[in-house]
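Topology and contacts: notes
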Amino acid sequence: MEAQFYEKNEDHVSCTLCPHHCSIALGETGICRVRRNENGKLMAGTWGKLSALNFDPIEKKPLYHYHPGKIILSLGSVGCNMKCKCCQNWQISQVSAAEYSFSHTLFPMEVIKLATSRSENIGVAYTYNEPTVWFEYMNDIARLVRFEGLKNVMVSNGYINEDPLLELMRYMDAFNIDLKGFSEDLYRKLTGASLAPVLHTLKLIRKAGRHLEITCLIIPGMNDDPGTFREMILWIERELGANTVLHLSRYHPTYKLDIESTPARKLEELYRIANEKLSYVYVGNIQIRDYQDTRCGKCGATVIRRMGYQVELKNLTGQGTCLQCGNAIINF
Ligand code: SF4
Ligand code: SF4
């Protein structure tokens, strides 16, 4: 499949899908290792090819304010435009399309057939590796998903240019975007990418009115400084609103990082800082009592209790508003 976003030049192509803007010589791939210059055309080498295909709880994405308790067909492929030293899915994100044995090859209509085979499934999530690098396949599926009346969810690092993002948002209903910290230096060292485009993506999604939740993996010594963390929270409050859902996730050593796991007390400290400004903050990857429950941001009533991926809805109307005070909390 020919890529949608690129420019042809005399001896190379320039990919315009993400802020890396790779110049790719004949026979080479970009930083993501899956978009390749073949005979002067940029090809999306993973169209139709999947590394993973599962019905997951929506809470696993994580999305906590979007169809809680439901499942979603979750697709992953290979490649990524970041090189995070802490990547939990490095086996699929840091390989090239050429060196990977794909477990499934599916046309978009076959994905739809699977998605509609279970009545409790709400739609399709593009996740596991970075879906931006399989933009065309995702967009082709998303169009059909919308046509079926189902939902599209993108779980992403947010490192995508504005034009492709706007195109995706025609069909995408909900996003979980990783915000890995709040300094350019951290982004450069940890991911090989930069922060500013991710912040721009967050603002565009908010402006477009799509459902948005943010995940921040807290890594000791890298992004857990309370001062910088507070700046990030103030930015979220100012630019995206105090009702923005934020997931603080516990880091465990993996891939190229062998720093010890995030202590529970650090997560609690950052939770308190975030909770001063934001109404819906959660702590994940660790069981700390009450930090996964949803309380109404207006009256404080508990509206969802969670235990792992088990969900108990309380004090909620069918429209996702608080039974006690009418505050809008959940998207059903
Ligand atoms: S999507 Fe891949 S090839 Fe295109 S600019 Fe980004 S990293 Fe480079
Ligand atoms: S953006 Fe996500 S998938 Fe890509 S390297 Fe980082 S953690 Fe892994």
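I will try to describe carefully the structure that is included in this document. Being a predicted model, the structure only gives us computed values, none of them experimental. (Residues numbered from 1 in each chain as written. Chains lettered and ligands numbered in written order. Predicted model: local features only at pLDDT ≥ 70, side-chain atom pairs only at ≥ 80, totals over all residues. Heavy atoms only, no water.)

Time to look at the packing of aromatic side chains. Counted by the stated rule, this structure contains 10 aromatic pairs. Considering the side-chain rings of F5 and F135, the 5.3 Å spacing of their centres and the 85° angle between planes classify their relative orientation as edge-to-face. Of this pair, F5 sits in the segment before strand 1 (6-8) while F135 sits in helix 3 (residues 135-147), and the two are 130 residues apart along the sequence. The residues F5 and F135 share a single accessibility class, namely buried. Ring geometry for Y126 versus W134: centroids 6.1 Å apart, planes at 65°, classification edge-to-face. Cluster of aromatic residues (ring-pair linked, three or more members): W47, F107, Y126, W134 and Y137. The residue whose ring lies beneath R118 is F55, and the NZ or CZ to ring-centre distance is 4.7 Å. A cation over a ring is seen here: R306 above Y64, with NZ or CZ 4.0 Å from the ring centre. (Phe/Tyr/Trp six-rings, centres within 6.5 Å; stacked < 30°, edge-to-face > 60°. Helix = DSSP H or I, 4+ residues; strand = E, 2+ residues; numbered from the N terminus. Buried < 20%, exposed > 50% of the residue type's maximum accessible area, 1.4 Å probe, protein only. Lys NZ or Arg CZ within 6 Å of the ring centre and 35° of its normal.)

Residues in contact with ligand 1, as listed here, are C15, L17, C18, H20, H21, C22, I24, G30, I31, C32, R35 and N81. Classifying every residue of the shell around ligand 1 by side-chain character gives seven nonpolar, four polar and one charged. (Near = heavy atom within 4 Å. Nonpolar A, V, L, I, M, F, W, Y, C, P; charged D, E, K, R; others polar.)

In this section: the site of ligand 2. Taken together, the residues surrounding ligand 2 are C80, M82, C84, C87, S93, Q94, N157 and K180. Across the shell around ligand 2, the residue classes tally to four nonpolar, three polar and one charged.

Turning next to the sheet that holds strand 2 (residues 12-15). Taken together, three strands build an open sheet; the order of strands is 1-2-3 and the sheet is antiparallel. Strands at the two margins of the open sheet, each flanked by one partner only, are strand 1 and strand 3 (23-25). Within the sheet, the average angular offset between the axes of one strand and its neighbour, ignoring direction, is 25°. (Pairing = 2+ DSSP bridges. Axes fitted to C-alpha atoms, helices over the stretch in contact; angles between N-to-C directions.)

This next bit is on the pattern of salt bridges. As enumerated under the stated definition, the model contains 16 salt bridges in all. For D173, the salt bridge goes to R146, with nearest N and O atoms at 3.1 Å. Of this pair, D173 sits in the loop between helix 4 (162-168) and strand 12 (174-178) while R146 sits in helix 3; the two residues are 27 residues apart in sequence, bridging distant segments of the chain. When its relative accessible area of 15% is taken as the criterion, D173 is described as buried. In this structure, D178 engages K180 in a salt bridge whose closest nitrogen and oxygen atoms are separated by 3.1 Å. Through salt bridges with shared partners, a single ionic network connects D56, K60 and K61. (Salt bridge = Lys/Arg side-chain N within 4 Å of Asp/Glu carboxyl O.)

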